Amino acid sequence: MTDPSRSATIWGGGMSARIDADGAQLMTLDDDAAGPLLWDGDPQFWTGRSPILFPVIGCVAGNAYRLDGREYPMTKHGFARDNRFALDMVAADRARFTLTENARPGADYPFAFALSLTYALDEGGLSMTAHIANRGDRPMPASFGFHPALRWPLPYGGEREDHAVVFADAEPEPIRRLNPDGLLRDERIATPVDGDTLIPRDAMFAEDALIFDALRSRRVLFGVPGRTRLEVGFDDFSVLGIWTKPGAPFLCIEPWQGIADPVGFDGDIFAKPGIMAIAPDDTRTLTMTIRKRPV
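Bear in mind the structure is a predicted one, so any value in this text is a computation, not a measurement.

Right, let's get into the overall build of the protein chain. From N to C terminus, the protein chain includes 0 helices and 23 strands. A principal-axis box enclosing the C-alpha atoms of the protein chain has dimensions of 55 × 50 × 35 Å. Counting over 295 residues, the protein chain shows a buried share of 54%. A total of about 12100 Å² of accessible surface is found on the protein chain, and carbon and sulfur atoms cover 48% of it. Computed over 31 positive and 42 negative side-chain charges, the inter-centroid distance for the protein chain is 1 Å.

Below, the structure written as structure tokens:
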């Protein structure tokens, strides 16, 4: 039997979702009529499903960040995904999970914070909303990202190779890539998007994610054109990562507010590209949506 303090299952709008308190991670997202929409975490490829990225995105140089002349250890994508959140609200169609500094062992992030994740289902689909509150008396540096792995192919018909990511606008700007240490390369490369359409191919991901940091769009359609697709919306985010492991049956569409350390970066965390400086007693709110779009 599932421990009710460890997970929540919600329903609405012809979908259901289960969220685990460990990492406040979305574990399942099902279309009642078509089947699973979220990757199942098969360890053959990747055990993640939809980890929460906080308080950094990607890697920091030397696995440590600098603040006020000191270094603090920090793992890739931060610590939120490795901690148990409190399930502090659950209803039929929504649930909220919260992590505070009091739940954090050690002193690798010396800030008083509360990170709440609210998941809600309605006729429009799934919304995932992060509230990042600074409870301290000094500015707090933070990045945040969602990392959902959508099934590829989706259960709406069509082969894997028929799927496309269609951006709301044309995306002609060059993109960024990571080096073998997970740091952001200086050089930009030509976008693989043709007009507004990306046809994902395994070879594109041999060097990790495609990183769009000069993005015009704030939503994409994923699926087979001419069939039901998923619309992913990310109005509150400035960067989009798209990633898979070559050959894996999932595609991660990842809105980020923040980015990995650039190669050679050794500055204070507040100088890190994309960092949010959250004022004392302030809260930043960022929402991602996943909606079903029939033909």
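The subject of this paragraph is the layout of surface pockets. Estimates place the volume of the largest pocket at around 480 Å³. For the largest pocket, the lining is made up of 30 residues, of which Lys76, His77, Arg81, His147 and Trp243 are closest to its centre.

A few words now on the side chain of Ser116. Along the chain, Ser116 turns up in strand S10 (residues 113-122). Given a relative accessible area of 13%, Ser116 falls into the buried group. Within polar-contact distance, the side chain of Ser116 engages the side chain of Thr98 at 2.8 Å. In this structure Ser116 touches Arg96, Phe97, Thr98, Thr129, Ala130 and His131, once residues within four positions along its chain are discounted.

The subject of this paragraph is the packing of aromatic side chains. Counted by the stated rule, this structure contains 16 aromatic pairs. Judged by centre distance (6.0 Å) and plane angle (45 degrees), the ring pair of Phe79 and Phe113 falls under tilted. Of this pair, Phe79 sits in the loop between strand S7 (70-73) and strand S8 (86-90) while Phe113 sits in strand S10; the two residues are 34 residues apart in sequence, bridging distant segments of the chain. A relative accessible area of 4% places Phe79 in the buried class. Since its relative accessible area comes to 1%, Phe113 is described here as buried. Joined through ring pairs, the aromatic side chains of Trp39, Phe45, Trp46, Trp243 and Phe250 make up one cluster. Across from the ring centre of Trp152, 3.7 Å away, lies the NZ or CZ of Arg160, which sits over that ring.

Okay, unusual backbone geometry next. With an omega dihedral of 5 degrees, the bond running from Phe54 to Pro55 counts as a cis peptide bond. Relative to the helices and strands, Pro55 resides in the loop between strand S5 (52-53) and strand S6 (64-67). Note the cis peptide between Trp152 and Pro153, where omega equals 20 degrees. Note that Pro153 resides in the loop between strand S14 (149-151) and strand S15 (164-167). Phi is positive for Asp281, which is not a glycine, with a value near 65 degrees.

With that out of the way, let us pick up the sheet that holds strand S2 (residues 15-20). Pairing within the open sheet is antiparallel, and its 4 strands lie in the order S1-S2-S3-S4. Single-partner strands in this sheet number two, and they are strand S1 (7-12) and strand S4 (35-36). As paired strands, S2 and strand S3 (residues 25-31) are joined by 6 bridges and run antiparallel to one another. Residue pairing in the sheet places Met15 in a bridge with Asp31 of S3.

This part is about the nonpolar core. If you look at the biggest cluster of nonpolar residues, it comprises 70 residues, and the most contacted ones within it are Leu29, Phe54, Leu115, Leu117, Phe144 and Phe167. Each residue touching Leu117, except ones within four places of it in the same chain, is listed here: Ala24, Ile52, Phe85, Ala95, Arg96, Phe97, Thr129, Ala130, Phe144 and Phe146.

Further remarks concern the environment of Glu173. In this fold, Glu173 is placed in the loop between S15 and strand S16 (197-198). Distance in space between the C-alpha atoms of Glu173 and Thr100 is 38 Å, their sequence separation being 73 residues. Excluding residues that lie within four positions of it along the chain, Glu173 makes contacts with Thr191, Ala214 and Arg216.

Judged by pairing direction, the sheet is antiparallel, and its 9 strands sit side by side in the order S8-S9-S10-S11-S23-S19-S18-S15-S16 without closing on themselves. Unpaired on one side and paired on the other, S8 and S16 mark the two borders of the sheet. Relative to strand S11 (residues 125-134), S10 runs antiparallel, the two being bridged by 10 bridges. Of the residues in S11, the one forming a bridge with Leu117 is Ala130.

Cut-offs applied
- Residues numbered from 1 in each chain as written.
- Predicted model: local features only at pLDDT ≥ 70, side-chain atom pairs only at ≥ 80, totals over all residues.
- Heavy atoms only, no water.
- Helix = DSSP H or I, 4+ residues; strand = E, 2+ residues; numbered from the N terminus.
- Buried < 20%, exposed > 50% of the residue type's maximum accessible area, 1.4 Å probe, protein only.
- Areas by Shrake-Rupley, 256 points an atom, 1.4 Å probe, with all protein chains shown as cover.
- Lys, Arg positive; Asp, Glu negative; His and termini not counted.
- Charge placed at Lys NZ, Arg CZ, Asp CG, Glu CD.
- 1 Å grid on protein atoms, 1.4 Å probe; cavity = no way out; pocket = protein on both sides within 12 Å on 5 of 7 lines; lining within 4 Å.
- Points joined across faces, edges and corners; volume = space filled by probe spheres on them.
- Polar contact = N/O pair within 3.5 Å; in protein donor to acceptor, adjacent residues only side chain to side chain.
- Contact = heavy atoms within 4.5 Å.
- Phe/Tyr/Trp six-rings, centres within 6.5 Å; stacked < 30°, edge-to-face > 60°.
- Lys NZ or Arg CZ within 6 Å of the ring centre and 35° of its normal.
- Pairing = 2+ DSSP bridges.
- Core = buried A, V, L, I, M, F, W, Y, C linked by side-chain atoms within 4.5 Å.

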